[in-house]
Amino acid sequence: MTTQTPSVEKQRFGQLPDGRKVEAYHLRNGHGIDMTVITYGGIITSLRTPDAQGNVDDIVLGFDSLEGYRSDAYRQSNPYFGALIGRYGNRIAEGRFMLDGTTYELATNDGPHHLHGGDKGFDKRLWQAHSFENDTGVGVELRYTSEDGEEGYPGRLDTRVTYTLTADDEVIIDYHATTDKATPVNLTQHSYFNLAGEGSGSIVDHRLMLNADAFTPVDDTLIPTGELRDVAGTPFDFRDATPIGARIGEENTQLVYGQGYDHNFVLVRDDASAGELVTAARVVAPQSGRVLEIATTEPGIQFYSGNFLDGTLIGKGGDAYEKRSGFALETQHFPDSPNQAGFPSTILAPGETYESRTVWRFSTQRDDNAS
Ligand code: BGC
């Protein structure tokens, strides 16, 4: 592989109906990896990495035009391809929570529930951006201010997210936020990966390791019951790397509710305290030999096996995105935490700073069966 100089390049990506311009930032790490981030939704529209043979493919689902992310078909199925999610990743039951004696009503956009920030979450907002190069790598910093009352949330939330692509083949995602009133905050990144290349078919052969010995079971509308359930002896035990599809069809009420995996896993921290990076997941694609490792400061990770993709969306390579043609691993606090006294708190108070870091590390291995 030829080594090049790391670089960042800015280009026009499109225009919103109100005339505002959407920019794309192309990041190259000089080591064979490049990625594109747009200022609409902070979406990663492409991420290209070499496989074990050195062939470069785009390994995230998405589109190469703004229209792809704004079409009626896209909005109807609302998969949140590649987007930054806020103010709250995953669901808040019935879009309602009580904080300091006040009941807040949020936008409901998932049956009776609030999902991924509401009707117009951070994934559909235009972010202010600037690129940077530093000792760690090349990147783009995105800023968005969510006004008091937006989608029903209290407080004006100043949000800053940076993506850094490093020479060590990592993507580092740093999240910061401050508020002027207490509010729930749970930011995440919603890329769908296919480590054999986007549009290449199903991800059920990918081998997944999750560093979790419990998960949060849900009801039939995907709201956590509040229980932390041991994964031992269940299809949710990924402590040893296992193909995603190995047990996905088993008779299991939780798999029926999710139509596959769509669950929050509770990460093992050993002695690492809250706020320290721990390994969360490792995924290997057998054919391409691509490996993705995820580390995070968050307590949980949502493993979503792309169950609701149904082939209606045609991706940037011209292929239909069928059921399970991508998976998401969303580092996060647990779903519905504002209504779950037993879950780690997601409330950010004035004077505090929300800080969270997630690292994706890309590599390759040649032995299909090694995990
Ligand atoms: C959720 C799924 C949802 C998907 C797309 C995931 O984070 O867990 O239930 O269908 O996002 O909206």
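Reading the values: the criteria
- Residues numbered from 1 in each chain as written.
- Predicted model: local features only at pLDDT ≥ 70, side-chain atom pairs only at ≥ 80, totals over all residues.
- Heavy atoms only, no water.
- Helix = DSSP H or I, 4+ residues; strand = E, 2+ residues; numbered from the N terminus.
- Rg over C-alpha atoms; globule rule 2.2 N^0.38 Å.
- Buried < 20%, exposed > 50% of the residue type's maximum accessible area, 1.4 Å probe, protein only.
- Contact = heavy atoms within 4.5 Å.
- Near = heavy atom within 4 Å.
- Polar contact = N/O pair within 3.5 Å; in protein donor to acceptor, adjacent residues only side chain to side chain.
- Areas by Shrake-Rupley, 256 points an atom, 1.4 Å probe, with all protein chains shown as cover.
- Nonpolar A, V, L, I, M, F, W, Y, C, P; charged D, E, K, R; others polar.
- Pairing = 2+ DSSP bridges.

Draft legend 1. A look at the overall build of the protein chain. Broken down by element type, the protein chain carries 3 helices and 27 strands. Taken against the 2.2 N^0.38 rule, which gives 21 Å for 371 residues, the C-alpha radius of gyration of the protein chain at 19 Å falls within 12% of a compact globule. With respect to the three principal axes, the spread of C-alpha positions in the protein chain is 60 × 50 × 45 Å. Looking at the 371 residues of the protein chain, the share that counts as buried comes to 60%. Across the protein chain, contacts joining residues at least 24 apart in sequence account for 66% of those joining residues at least 6 apart.

Draft legend 2. Expanded view of the site of the ligand. Surrounding the ligand, one finds 15 residues, the nearest of these being Arg-91, His-116, His-190, Asp-262 and Glu-330. Between the ligand and Asn-90 there is a distance of 3.3 Å, counted from an oxygen atom to a side-chain nitrogen or oxygen. Against a free-state accessible area of 310 Å², the protein chains account for coverage of 95% of the ligand. Here the residues of the shell around the ligand are counted per class, giving 7 nonpolar, 5 polar and 3 charged.

Draft legend 3. Summary view of the pairing of strand β18 (residues 212–216). β18 sits mainly inside the fold: 4 of its 5 residues count as buried. Pairing of β18 with strand β21 (residues 262–267), which is carried by 4 bridges, proceeds in the antiparallel orientation. Looking at β21, one finds that Thr-216 is bridged to Asn-264.

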